[in-house]
Amino acid sequence: MKQICILIPTYNEQEALPYLYERLNRITNQLTNYAFTFLFVNDGSTDDTLATIKKMQQQDYRVRFVNLSRNYGKEIAMIAGFDHACADATILLDADLQDPPEIIVQMLEYWECGYEDVYAKRISRKGETWFKKWSSKKYYEVLQKMATIDIPKDTGDFRLLDRKCVEALKEIRETQRYTKGLFSFVGFKKKEILFERDARVAGSTKWNYKKLFQLAIDGITSFSVAPLRLASIAGAGILVITILTLLFIFIESIFLGRAPTGTMGIVTVILFLGGVQLISIGLLGEYIGRIFMETKNRPLYFVESHTEQVVYQDKSRKIG
Ligand code: UDP
Ligand code: MG
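Residues numbered from 1 in each chain as written. Chains lettered and ligands numbered in written order. Predicted model: local features only at pLDDT ≥ 70, side-chain atom pairs only at ≥ 80, totals over all residues. Heavy atoms only, no water.

- In the nomenclature of an unreviewed UniProt entry, the chain corresponds to Glycosyl hydrolase from the organism Listeria booriae.
- Quoted straight from UniProt, the Sequence similarities (unreviewed entry) entry for the chain says "Belongs to the glycosyltransferase 2 family. GtrB subfamily."
- Taken from UniProt, the Subcellular location (unreviewed entry) comment for the chain reads in full: "Cell membrane". (UniProt positions renumbered as here; feature names shortened; annotations may be inferred.)

Here's what the structure looks like:
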């Protein structure tokens with residue numbers, strides 16, 4: 001029987017877990033041709049998430065967990081899950097039931113047809129603010145234009161990945177992860193499924209705007225050097241304007257005998273240049289900061305406990 005791992009990053013989801021388990025149970029019981037495991041990555045939850053998972057595990061042998069030593073964020077929780085998945089196909093699912101598990105049936109059908117990355121694209125998203133929807137839409141438009149690879153719009157992490165994709169993703173050990181881009185980066189045969197994103201079943205979103213902004217910056221800087229180029233182009237443009245202005249002042253003072261007057265113009269030019277320079281330095285800093293983070297070559301995460309002993313990846317170690 002083919003092994004399917006349903007990978008669920010969880011952070012303070014104690015209220016949502018019973019609903020999730022219930023839905024997963026119902027669907028997977030209908031799919032008798034597959035052997036399922038539900039792999040929960042507990043991303044340093046401070047509520048009773050771990051205890052809830054352990055309780056589920058006692059009742060259902062399919063439940064497994066990896067308990068990270070602290071909260072690392074969803075991007076790292078996902079790679080920790082990939083490292084521990086070892087199945088023929090892995091399905092990434094949010095714990096809050098925003099991604100309807102019923103779609104798994106369709107995902108598996110496409111997988112059987114030979115698709116290796118079956119991703120779910122939202123046609124609508126319920127229970128989210130207009131600002132989140134709008135900013136997300138605009139961000140993906142910008143990212144699409146800048147990135148060197150094609151990152152599909154309105155697509156989250158909800159997808160089925162063949163073992164080949166998971167193995168490929170496991171090889172990418174960068175610390176500032178933008179997994180949505182990595183799915184595209186690794187390639188393989190992709191298929192899109194459309195779905196309506198539901199509102200959260202319980203609890204509240206674990207992403208605040210600060211975290212989302214961080215992810216947005218990671219997305220652009222890990223897949224594009226366009227902002228750096230933009231800074232150079234802006235610099236060059238300003239230089240040309242400055243040269244023309246200087247030429248104008250020079251001609252005016254030599255041939256018309258009019259010396260330039262007023263400090264306002266000078267101040268404006270200085271402020272303008274200062275702003276552009278600061279932005280450029282900041283941008284350089286963003287990239288250099290990332291080089292710094294990568295050169296430290298730290299393990300991506302530490303595991304505090306998990307359901308069974310597994311072969312660890314080179315950079316993840318067990319402590320305690
Ligand atoms: N999550 C996580 N670590 C975090 C934040 C979130 O593992 O630091 C999990 C969370 O439990 C959920 C999924 O990632 O299963 C998506 O998070 P959330 O629903 O809060 O994000 P949203 O859907 O609002 O973008
Ligand atoms: Mg959610």
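Once the structure has been displayed, the description carries forward.
## Focus on the site of ligand 1
So, step 1. Taken together, 19 residues sit near ligand 1, with Glu13, Asp43, Asp96, Thr205 and Lys206 positioned nearest.
So, step 2. Backbone polar atom of Ala95 to an oxygen atom of ligand 1: 2.9 Å apart, as the coordinates give it.
So, step 3. In this structure, Asp96 approaches ligand 1 through a side-chain N or O atom, which is 2.6 Å from an oxygen atom.
So, step 4. In isolation ligand 1 exposes 530 Å². Once the protein is present, 95% of that is buried. (Near = heavy atom within 4 Å. Polar contact = N/O pair within 3.5 Å; in protein donor to acceptor, adjacent residues only side chain to side chain. Areas by Shrake-Rupley, 256 points an atom, 1.4 Å probe, with all protein chains shown as cover.)

## Comments concerning the packing of aromatic side chains
So, step 1. A full pass over the atoms with the stated rule returns 7 aromatic pairs.
So, step 2. Arranged with centres 5.9 Å apart and planes meeting at 80 degrees, the rings of Tyr110 and Tyr115 form a pair that is edge-to-face.
So, step 3. Note on Tyr110: relative accessible area 25%, which makes it partly exposed.
So, step 4. Ring centres of Trp130 and Phe131 lie 5.9 Å apart, and the angle between their planes is 85 degrees; this geometry places the pair in the edge-to-face category.
So, step 5. On the accessibility criterion, Trp130 (66% relative accessible area) is exposed.
So, step 6. Take Phe131: its relative accessible area is 37%, and that puts it in the partly exposed class.
So, step 7. One aromatic cluster in this structure is built from Trp130, Phe131 and Trp134.
So, step 8. For the cation-ring pair, Arg70 lies above Tyr72, with the distance from its terminal atom to the ring centre recorded as 4.0 Å.
So, step 9. Across from the ring centre of Tyr115, 5.0 Å away, lies the NZ or CZ of Lys189, which sits over that ring. (Phe/Tyr/Trp six-rings, centres within 6.5 Å; stacked < 30°, edge-to-face > 60°. Buried < 20%, exposed > 50% of the residue type's maximum accessible area, 1.4 Å probe, protein only. Lys NZ or Arg CZ within 6 Å of the ring centre and 35° of its normal.)

## Remarks on the pairing of strand E1 (residues 2-10)
So, step 1. Of all 9 residues that make up E1, 7 are buried, and the element is covered over most of its length.
So, step 2. As paired elements, E1 and strand E2 (residues 34-42) share 9 bridges and run parallel to each other. Bridge assignment links Ile4 to a residue of E2, and that residue is Phe36.
So, step 3. In this fold, E1 hands off to helix H1 (residues 16-30), which returns the chain to E2; that crossover is right-handed.
So, step 4. As paired elements, E1 and strand E4 (residues 89-92) share 4 bridges and run parallel to each other. Following the sheet pairing, Ile4 is matched in E4 by Ala89. (Helix = DSSP H or I, 4+ residues; strand = E, 2+ residues; numbered from the N terminus. Pairing = 2+ DSSP bridges. Right-handed = clockwise from strand over helix to strand, strands pointing away.)

## Focus: the UniProt feature "transmembrane region" (unreviewed entry) in the chain
So, step 1. With numbering aligned to this structure, UniProt lists the feature "transmembrane region" (unreviewed entry) at residues 230-251 and 263-288.
So, step 2. The distance separating the terminal C-alpha atoms of residues 230-251 is 32 Å; by composition the span is 100% helix and 0% strand.

## Some remarks on the coordination of the magnesium ion (ligand 2)
So, step 1. Here the magnesium ion (ligand 2) is held by Asp96 (OD) and Gln98 (OE1), and the distances to it run 1.9 Å.
So, step 2. Looking at Gln98, the relative accessible area reads 8%, which means it is buried. (Donors = N, O, S within 2.8 Å, 3.2 Å for Na, K, Ca; no water.)

## Notes on unusual backbone geometry
So, step 1. For Cys86, which is not a glycine, the phi torsion comes out positive at approximately 35 degrees.
So, step 2. Along the chain, Cys86 falls in the loop between helix H3 (74-85) and E4.
So, step 3. Judged by its relative accessible area of 54%, Cys86 falls in the exposed class.
So, step 4. Of note in the backbone geometry, Phe188 takes a positive phi value of approximately 75 degrees without being a glycine.
So, step 5. Positionally, Phe188 belongs in the loop between helix H7 (179-186) and strand E7 (190-197).

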